[in-house]
Amino acid sequence: MAGGLKRAAKVIAGGAALAAAGWALRRIPAELGVRPLESGPDRATRIQRSPQFKDGAFHNPMPEPTTVGVPSPGLLGELARDRDTRRPSGMVPVLVPSLPEPAPDGLSVVWYGHASTLVEIEGRRVLFDPVWSRRVSFSQLAGPRRHHALPVELAALPKVDAIVISHDHYDHLDMATVMSLTRTQSAPFLVPLGIGAHLERWGVPLYRIIELDWEEEAQVAGLRFVSTAARHFSGRSLRRNDTLWGSWVVAGQRRRVFYAGDSGYFSGYKGIGSAHGPFDLTLMPIGAYSPAWPDIHMNPEEAVNAHLDLGGELLLPVHWATFTLALHPWAEPVERLWREAAGRDVPIVVPRPGEGVVVDSAPTVDFWWRKLS
């Protein structure tokens, strides 16, 4: 009898696993998104009129090539070596943020991990690139997995006034998170041109989607949002650059924030700073760099260069610590950032995931990551 019960339990467990796998696989077509040119004449016309769109795809205007290099023959060996250095050696400290009502003239920020960040600016809340899934992939059965817990469940987020997306890669645009925010929040999604097609496919009402080309802007909740340039690419499958990518300016009456999204370094940051800065806070990506793709992800030293070009005051690093997306050691980006910033007298703040920071009284760097590197 006992043996029969064990066999039955194994059968039930196996069936449940197969059912879960089947459900995950069924979601893949939706995860891949939609070709914007095939999503309706209005969007297609806007895309085709964009200065960034030619020959059937979006392009960077920078003269340098923006490419991902061909993997080296020794890549598999590199992946196998030093794997432990590319993840934290222990539990990443995660805090549950305390979020009182935002001050009408204040500026504060909560970093949830990777690029997901909540900015409170002049009494309004702006959520950047929210990704709450366990993996950043077209399937939760495979792909880069989180190194730390979520500081807060998605349903427990406070009411936000705007949700801002930089581009459609899986570590910045997450279908499950978008669908949940569509149910639990009422804020509009501000996205680069073309990404609205993905959102519509996932059930976001059209009236909640604001699609902008570079240097177009929108007013939401008393804040000015400007879509600005980035040096990157897009795509959720083997097909690339159907949708635009970008950075964002968020400006209130007195305070300004710049979010770089994903980008290689380029000279255009000076122009963005001149046109829209200076900035009280910049959110700059510092991780997932590699000699194989120097044009699409800046390294920490380049992040400091871009911050200074923009006229930034306080720099908060993002795009590190949560997922392994390159071969460099886990804590290398923030160590390099700290050294470069210290050498150039650039104020930075390095919060733990979930830690709130008031920009005007940012804490000193306490090197919390060194216990895990």
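Residues numbered from 1 in each chain as written. Predicted model: local features only at pLDDT ≥ 70, side-chain atom pairs only at ≥ 80, totals over all residues. Heavy atoms only, no water.

Description of the side chain of serine 50
Its place among the elements puts serine 50 in the loop between α3 (41-49) and β1 (53-54). A polar atom in the side chain of serine 50 sits 3.1 Å from the backbone nitrogen of glutamine 52. In this structure the side chain of serine 50 is engaged in a polar contact, spanning 2.7 Å, whose partner is the side chain of aspartate 213. In this structure, serine 50 is in contact with Phe58, Leu193 and Asp213, ignoring residues within four places of it in sequence. (Helix = DSSP H or I, 4+ residues; strand = E, 2+ residues; numbered from the N terminus. Polar contact = N/O pair within 3.5 Å; in protein donor to acceptor, adjacent residues only side chain to side chain. Contact = heavy atoms within 4.5 Å.)

Thoughts on unusual backbone geometry
Here the bond from glycine 277 into proline 278 is cis, since omega is -5 degrees, no more than 30 degrees from zero. Unlike most non-glycine residues, glutamate 215 shows phi in positive territory, near 70 degrees. Turning to its location among the elements, glutamate 215 is positioned in the loop between β8 (209-212) and β9 (217-220). We note that alanine 288 has phi near 65 degrees; this positive angle belongs to a residue other than glycine. By the secondary structure assignment, alanine 288 is in the loop between β13 (279-285) and α8 (300-310).

Description of the side chain of histidine 198
Tracing the backbone through its elements, the reader meets histidine 198 in helix α6 (residues 196-201). A relative accessible area of 3% means that histidine 198 is categorised as buried. For histidine 198, the side chain forms a polar contact with the main-chain nitrogen of valine 34, separated by 3.0 Å. One polar contact links histidine 198 to aspartate 168, side chain to side chain, over a distance of 3.1 Å. Aside from chain neighbours lying at most four places away, what touches histidine 198 is Leu32, Gly33, Val34, Asp168, Leu173, Arg236 and Thr243. (Buried < 20%, exposed > 50% of the residue type's maximum accessible area, 1.4 Å probe, protein only.)

Let's talk about the packing of aromatic side chains
The final tally for this structure, using the stated rule, is 13 aromatic pairs. Ring centres of phenylalanine 258 and tyrosine 269 lie 6.2 Å apart, and the angle between their planes is 85 degrees; on these two criteria the pair is classed as edge-to-face. Taken as a pair, phenylalanine 258 in strand β12 (residues 256-259) and tyrosine 269 in helix α7 (residues 268-276) lie far apart in primary sequence, 11 residues in all. On the basis of relative accessibility, which here comes to 0%, the residue tyrosine 269 falls in the buried class. (Phe/Tyr/Trp six-rings, centres within 6.5 Å; stacked < 30°, edge-to-face > 60°.)

As for α3
When we look at burial in α3, the residues that qualify are Arg43, Ala44 and Ile47. End-on, the buried residues of α3 take up no more than an arc of 100 degrees, which puts them together on one face. Among the exposed residues of α3, those pointing more than 90 degrees away from its buried face are Pro41, Asp42 and Arg49. Of the surrounding elements, those touching the buried residues of α3 are β1, β2 (57-58), α6 and β8. (Arc of directions from axis to C-beta.)

Quick notes on the pairing of strand β14 (residues 312-318)
Within β14, six of the seven residues are buried, leaving the element largely enclosed by the surrounding structure. The handedness of the β13 to β14 crossover, carried by α8, is right-handed. (Right-handed = clockwise from strand over helix to strand, strands pointing away.)

Notes on the pattern of salt bridges
Taken as a whole, this structure holds 20 salt bridges when the rule is applied. Here glutamate 211 and arginine 43 are joined by a salt bridge, their closest N and O atoms 2.8 Å apart. Here arginine 43 lies in helix α3 and glutamate 211 lies in strand β8, a separation of 168 residues in the sequence. Across this residue pair, the class does not change: glutamate 211 and arginine 43 are buried. When the shortest N-O distance is used, the salt bridge between glutamate 301 and arginine 336 registers 2.6 Å. (Salt bridge = Lys/Arg side-chain N within 4 Å of Asp/Glu carboxyl O.)

Thoughts on the sheet that holds strand β4 (residues 116-121)
The mixed open sheet is built from seven strands, whose spatial order is β8-β7-β6-β5-β4-β3-β15. Bordering the open sheet on either side are β8 and β15 (356-358), each of which pairs with just one other strand. On average, adjacent strands in this sheet sit at an angle of 20 degrees to one another, irrespective of strand direction. Direction of pairing for strand β3 (residues 107-113) relative to β4: antiparallel, over a ladder of six bridges. Within the sheet, the bridge partner assigned to valine 109 lies in β4 and is valine 119. (Pairing = 2+ DSSP bridges. Axes fitted to C-alpha atoms, helices over the stretch in contact; angles between N-to-C directions.)

Overview of the packing of α8 against helix α9 (residues 332-343)
At their nearest, the axes of α8 and α9 sit 8 Å apart, and the two run at 45 degrees to each other. When the axis of α8 is compared with that of α9, the two are oblique. Judged by the sense of rotation from one axis to the other, the crossing of α8 with α9 is right-handed. Contact residues: Pro300, Glu301 and Val304 in α8; Pro333, Arg336, Leu337, Glu340 and Ala341 in α9. Taken together, the residues of the contact of α8 with α9 sort by class into five nonpolar, no polar and three charged. (Parallel < 35°, antiparallel > 145°, perpendicular 65-115°, else oblique. Left-handed = near helix turned anticlockwise from the far one by under 90°. Nonpolar A, V, L, I, M, F, W, Y, C, P; charged D, E, K, R; others polar.)

Focus: the pairing of strand β11 (residues 247-251)
Most of β11 sits out of view: five of its five residues are buried. Where burial is concerned, the two faces of β11 agree: the one with Ser247, Val249 and Ala251 and the one with Trp248 and Val250 are both buried. By the bridge criterion, five bridges tie strand β10 (residues 223-228) to β11 in an arrangement that is antiparallel. Note on β11: the bridge partner recorded for serine 227 is tryptophan 248. Where β11 and β12 come together, four bridges link them in antiparallel fashion. Within β12, the position partnered with alanine 251 by the bridge is arginine 256. Linking β11 back to β12 in an antiparallel pair, the connection comprises four residues.

Treat this as a map of the structure, not an account of what it does.
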